[in-house]
Amino acid sequence: MRELTVDEPVDKGWQDYANCLGVDPDLFFPERGASTREAKEVCKGCVVRIDCLEYALANGEKFGIWGGMSERERRRIRRQRALARGTAVAINPASA
Ligand code: SF4
């Protein structure tokens, strides 16, 4: 599992339950174009996958596999959420 920097004020208790504890961190930061399959296999059975993914989304993690998703997959989720927020504001401006 990746080490987090000291100034990240987020509850990270979920990390104690991470499937990737003790797994080579390099697996989760493959070179560009390299396979992410092995890392995603580790994530697949992880009980804190959602916490991990939400942490990465909330903190704008740009690199690596978090919550079983690649940078590109997380970008897609961020875009979809931004669009959904925009739609909600357009429908109900009071919610902005
Ligand atoms: S989802 Fe993957 S990267 Fe995140 S804590 Fe679990 S095993 Fe580690």
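Residues numbered from 1 in each chain as written. Predicted model: local features only at pLDDT ≥ 70, side-chain atom pairs only at ≥ 80, totals over all residues. Heavy atoms only, no water.

Visitor: Would you take a moment to explain the nonpolar core for this structure?
Guide: One recurring pattern in soluble globular proteins is that nonpolar side chains are buried together. Judged by nonpolar contacts, the single largest core of 14 residues is most densely connected at Trp14, Cys20, Phe28, Val48, Ile65 and Trp66. When residues of this core are traced back to their parent elements, those giving at least two are helix H1 (37–44) and helix H2 (49–58). Every residue in contact with Trp14, bar those within four places of it in the chain, is listed here: Val48, Asp51, Cys52 and Tyr55. (Core = buried A, V, L, I, M, F, W, Y, C linked by side-chain atoms within 4.5 Å. Buried < 20%, exposed > 50% of the residue type's maximum accessible area, 1.4 Å probe, protein only. Helix = DSSP H or I, 4+ residues; strand = E, 2+ residues; numbered from the N terminus. Contact = heavy atoms within 4.5 Å.)

Visitor: Help me out: how do you make sense of the packing of aromatic side chains in this one?
Guide: Each aromatic ring pair is described using two quantities: the centre-to-centre distance and the angle formed by the ring planes. In this structure the tally under the stated criterion is two aromatic pairs. An angle of 55 degrees between the planes, with centres 5.8 Å apart, marks the rings of Trp14 and Tyr55 as tilted. In this pair, Trp14 is assigned in the segment before H1 and Tyr55 in helix H2, connecting sequence segments 41 residues apart. Given a relative accessible area of 11%, Trp14 falls into the buried group. Accessibility expressed as a relative area gives 3% for Tyr55, which makes it buried. An aromatic cluster of at least three residues, connected via ring pairs, comprises Trp14, Tyr55 and Trp66. (Phe/Tyr/Trp six-rings, centres within 6.5 Å; stacked < 30°, edge-to-face > 60°.)

Visitor: What's the story with the pattern of salt bridges in this structure? I'm lost.
Guide: Once the charged atoms of two side chains with opposite charge are near each other, the side chains can pair. Within the structure shown, the criterion is met by three salt bridges. For Lys44, the salt bridge is made with Glu41, and the minimal N-O distance between the two is 3.0 Å. You can see Lys44 and its partner Glu41 sitting in helix H1, three residues apart, about one turn around the helix. Residue Lys44 is classed as exposed on the basis of its relative accessible area of 59%. Here Glu54 and Arg81 are joined by a salt bridge, their closest N and O atoms 2.7 Å apart. Highlighted residues: Glu54 in helix H2 and Arg81 in helix H3 (residues 71–91), separated in sequence by 27 residues. (Salt bridge = Lys/Arg side-chain N within 4 Å of Asp/Glu carboxyl O.)

Visitor: Could you clarify how one ought to interpret a positive patch on the surface in this entry?
Guide: A cluster of like positive charges, contributed by Arg32, Arg72, Arg75, Arg76 and Arg79, occupies part of the molecular surface. Locating Arg32 in the fold gives a position in the segment before H1. (Patch = residues over 30% accessible without salt bridge, like charges linked within 9 Å, V, L, I, M, F, W, Y side chains within 5 Å. Areas by Shrake-Rupley, 256 points an atom, 1.4 Å probe, with all protein chains shown as cover. Lys, Arg positive; Asp, Glu negative; His and termini not counted. Charge placed at Lys NZ, Arg CZ, Asp CG, Glu CD.)

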